[in-house]
Amino acid sequence: MESINAKYVSQKISKTRWSPVSYSSLQQPEVFAAGSWDNEDNKISIWSTGNQNNSGLEDGFEGDPQILCEHKHDGDVLDLQFLDHERIVSASSTGAVTIFRHHPNTRTISVLQQWPRAHSYPCDNAPCTAVVCSSPEIVTVGEDGRIVVFRADQEGAVRVIENADSSTIHAVTYLRTTEVLTVNSIGQLKLWDLRQQTSSPSQILSLSGDRAPLHCVDRHPNQQHIVATGGQDGMLCVWDVRQGGTPISLMEAHSAEMWEIHFHPTNPDHLFTCSEDGSLLHWETASHSEMPSFLQGGRNSAVNSHGNRPLSSAWLSGDSGKGRLETTHMLPSQTMSVNSLDVIGQCLVCGTDGEAIFVNRRVPV
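Residues numbered from 1 in each chain as written. Predicted model: local features only at pLDDT ≥ 70, side-chain atom pairs only at ≥ 80, totals over all residues. Heavy atoms only, no water.

Undergrad: How do you make sense of the layout of surface pockets when you look at a structure like this?
TA: Empty space among the atoms becomes visible once a probe the size of a water molecule is rolled across them. Taken as a whole, the largest pocket holds about 1500 Å³ of empty space. Lining the largest pocket are 49 residues, with Arg17, Asp79, Gln81, Val131 and His262 positioned closest to its centre. At the level of elements, β2 (13–18), β6 (77–82), β12 (128–134), β16 (169–176), β20 (214–219), β24 (258–263) and β28 (338–344) are the ones that each hand at least two residues to the lining of the largest pocket. Broken down by element, the residue count for the lining of the largest pocket peaks at six residues, all from β12. A breakdown of the residues in the lining of the largest pocket according to their chemical character gives 26 nonpolar, 12 polar and 11 charged. (1 Å grid on protein atoms, 1.4 Å probe; cavity = no way out; pocket = protein on both sides within 12 Å on 5 of 7 lines; lining within 4 Å. Points joined across faces, edges and corners; volume = space filled by probe spheres on them. Helix = DSSP H or I, 4+ residues; strand = E, 2+ residues; numbered from the N terminus. Nonpolar A, V, L, I, M, F, W, Y, C, P; charged D, E, K, R; others polar.)

Undergrad: Help me understand the pattern of salt bridges in this model?
TA: Note on pairing: side chains with opposite charge can pair once their charged atoms come close. Taken as a whole and assessed by the stated rule, the structure comprises 15 salt bridges. Between Lys12 and Asp38 there is a salt bridge, with the nearest N and O atoms lying 2.7 Å from each other. Within this pair, whereas Lys12 is found in the loop between β1 (4–8) and β2, its partner Asp38 is found in the loop between β3 (31–36) and β4 (42–48), the two being separated by 26 residues in sequence. Given a relative accessible area of 42%, Asp38 falls into the partly exposed group. Two residues, Glu260 and Arg17, come together in a salt bridge whose shortest N-O distance is 2.9 Å. Pair noted here: Glu260 is in strand β24 and Arg17 is in strand β2, with a separation of 243 residues, a long-range link. The pair formed by Glu260 and Arg17 is uniform in burial state, with each residue classed as buried. Put simply, Lys15, Arg17, Asp79 and Glu260 are held in one network by salt bridges that share partners. (Salt bridge = Lys/Arg side-chain N within 4 Å of Asp/Glu carboxyl O. Buried < 20%, exposed > 50% of the residue type's maximum accessible area, 1.4 Å probe, protein only.)

Undergrad: Quick question: what am I supposed to make of the environment of Arg117 here?
TA: The residue Arg117 is located in the loop between β9 (108–115) and β10 (120–121) in this model. Taking relative accessible area as the criterion, Arg117 reaches 45% and is therefore assigned partly exposed. For Arg117 and Pro127, which are 10 residues apart along the polypeptide, the C-alpha to C-alpha distance reads 9.3 Å. In this view, Arg117 contacts Gly95, Asp124, Asn125 and Arg146; residues no more than four positions away in its chain are not counted. (Contact = heavy atoms within 4.5 Å.)

Undergrad: Would you mind showing me how to read the pairing of strand β14 (residues 147–151) here?
TA: Where a strand is regular, its side chains alternate between the two sheet faces. Most of β14 sits out of view: four of its five residues are buried. Both strand β13 (residues 137–142) and β14 contribute to a ladder of five bridges, which runs antiparallel. What sits directly across from Ile138, in β14, is Phe150. Counting the residues that bridge the hairpin from β13 to β14 gives four residues, and of these Gly145 lies at a positive phi of roughly 75 degrees. Note: β14 against strand β15 (residues 159–161), three bridges, orientation antiparallel. Across the sheet, the residue bridging to Val149 is Arg159, located in β15. (Pairing = 2+ DSSP bridges.)

Undergrad: Help me out: how do you make sense of the environment of Asp64 in this one?
TA: Checked against the element boundaries, Asp64 lands in the loop between β4 and β5 (66–73). The class for Asp64 is buried, based on a relative accessible area of 12%. The sequence separation of Asp64 and Ile4 amounts to 60 residues, and the corresponding C-alpha distance is 9.0 Å.

Undergrad: Any chance you could explain the state of the cysteines here in plain terms?
TA: Under the counting rule described, the total for this entry stands at zero disulfides. The cysteine Cys216 is free of any disulfide, with Cys274 supplying the nearest cysteine sulfur at 7.5 Å. A relative accessible area of 4% places Cys216 in the buried class. (Disulfide = S-S within 2.5 Å.)

Here it is in structure tokens:
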């Protein structure tokens, strides 16, 4: 806990995202973007945790986030994703999708491009709930049940799947270059092949029983068939999209809605979740040897659908693997919702309804 810096910002923070860095250089991130919600005037802001602003400060303040610049944002910031290290895409409760550019030299942000009604109902705006980027492509989803594909270098939408869902789509992520996964408010995970000119998903997986709304999704960075989701019931679900059907494992994670879930991008034996219950959890697969669990076989590994060789991840061990998971609370005890998190290298950033941004630069991964 002692390595956490808290910055109180007088705004409820809905999203926090590190500016991308080169994984191959083992560089740690220093700049992140934040978005606000439920405020009279919402903003997106760019922050630094580096030392360029702190040269005169005592050691105790090193790493304390310093604001570099900010820009007004119409509506709540419902998602925020970097397109590259200077361009940031936001999803708004007004239905708009906006590309902002951060100008590091002048410490300013400008609007580069905007699609004002990317998501809408016939007579009203519909919130754009999430975006995912693979430059120059931007995929957005919304409360209107549509999936829209934009390109940063084109004015209009490249592709619209009008009736992708009859319920709210809450989150989207890439599974592969041409495939995206969406989760919705009736406990379904849908796989879409963007090469196909159809408005039907190529696969539907679903929670059983009450089918609580799913709010977040992330895929394993090395093995795209492994997907983790979280939702209204606070459960952590791990899925194998090759096997279809229902989740491989369900774990009680939080006592309220899980808002975001992220595999560590370079060490996916580590997973992070945050929740309305005010907690941020670090999940680690407790390997039984020095070898990373995603390289291990052994008796605890699940068996694939052919029954003849172990699957390559401890996340797919189902109920038998729950004993191999260790969870750690990453924040001091607090009551306000933790809405968003991001992790790169040993650096974690999160934003809360308590009008605070927390940064931890010594995450044990």
